[in-house]
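Listed below are the residues making up each chain.
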Amino acid sequence: AGLINDEGKWSGGKTVLVQSGDVFDRGDHDLVVAELLYSLSNEASEVGGGVYCLLGNHEVMNICTDHSWAARAAFLPFDDLKPEIIEMIGTQDFEKLSGLPEWAKCRIAAMIPGAPVGKLLSRHGVSIKAV
């Protein structure tokens, strides 16, 4: 559609892109895709365009700690967020996840309300009015 260039930067000008949810639980690289959409949103708004991400049922499931549809490899990138997660939700709340497998903790913690990804998802709408 010509909305991003070869470097992955917004090239859609004043175009508006609406992503209708379910970014998460769609393969091994869902966090990378979400980060790209957030970057594109910032870049598009600087030139009069827009990228709007809506909550899909899988984002809601993840916020509610249901990651049963997530690929095992999709948990790994969240480990890099561990310091930020602990800073945002606190060591005590992170330690409440002690009953979970070690490989799952950071993804689950990152998406709860108040955590890094959960905070971003809270800004998503469930609908958008196109005029």
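Everything here concerns the structure above.
First, a word on what this report is: a plain description of the structure on this page.

What counts, and at which threshold
Residues numbered from 1 in each chain as written. Predicted model: local features only at pLDDT ≥ 70, side-chain atom pairs only at ≥ 80, totals over all residues. Heavy atoms only, no water. Phe/Tyr/Trp six-rings, centres within 6.5 Å; stacked < 30°, edge-to-face > 60°. Lys NZ or Arg CZ within 6 Å of the ring centre and 35° of its normal. Helix = DSSP H or I, 4+ residues; strand = E, 2+ residues; numbered from the N terminus. Buried < 20%, exposed > 50% of the residue type's maximum accessible area, 1.4 Å probe, protein only. Contact = heavy atoms within 4.5 Å. Pairing = 2+ DSSP bridges. Right-handed = clockwise from strand over helix to strand, strands pointing away. Salt bridge = Lys/Arg side-chain N within 4 Å of Asp/Glu carboxyl O.

### Looking at the packing of aromatic side chains
A full pass over the atoms with the stated rule returns one aromatic pair. In this structure, R72 packs its charged tip against the face of W103, placed 3.8 Å from the ring centre. Between R107 and the ring centre of F75, over which it is positioned, the NZ or CZ distance is 5.2 Å.

### Notes on the environment of C106
Along the chain, the position of C106 falls in helix α5 (residues 105-111). You can call C106 buried: its relative accessible area is 5%. It is 22 Å that separates the C-alpha atoms of C106 and G21, two residues lying 85 residues apart in sequence. Not counting residues up to four positions away in its chain, the partners in contact with C106 are F78, D79, K82, I85 and F94.

### Section: the pairing of strand β1 (residues 16-19)
One ladder, built from four bridges, connects β1 with strand β2 (residues 50-53); its direction is parallel. Opposite Q19, over in β2, you have C53 as the bridge partner. As for the winding sense of the linkage, the β-α-β connection from β1 through helix α1 (residues 30-46) to β2 is right-handed.

### Structural notes on the pattern of salt bridges
Counted by the stated rule, this structure contains six salt bridges. The residue K9 makes a salt bridge to E43 at a minimum N-O spacing of 3.8 Å. Taken as a pair, K9 in the segment before β1 and E43 in helix α1 lie far apart in primary sequence, 34 residues in all. The exposure class assigned to K9 is partly exposed, which follows from its relative accessible area of 44%. Residue class for E43 comes out buried when judged on its relative accessible area of 19%. For the salt bridge of R107 with D30, the shortest nitrogen-to-oxygen distance reads 3.1 Å. Placement of the pair is R107 in helix α5 and D30 in helix α1, with a sequence separation of 77 residues.

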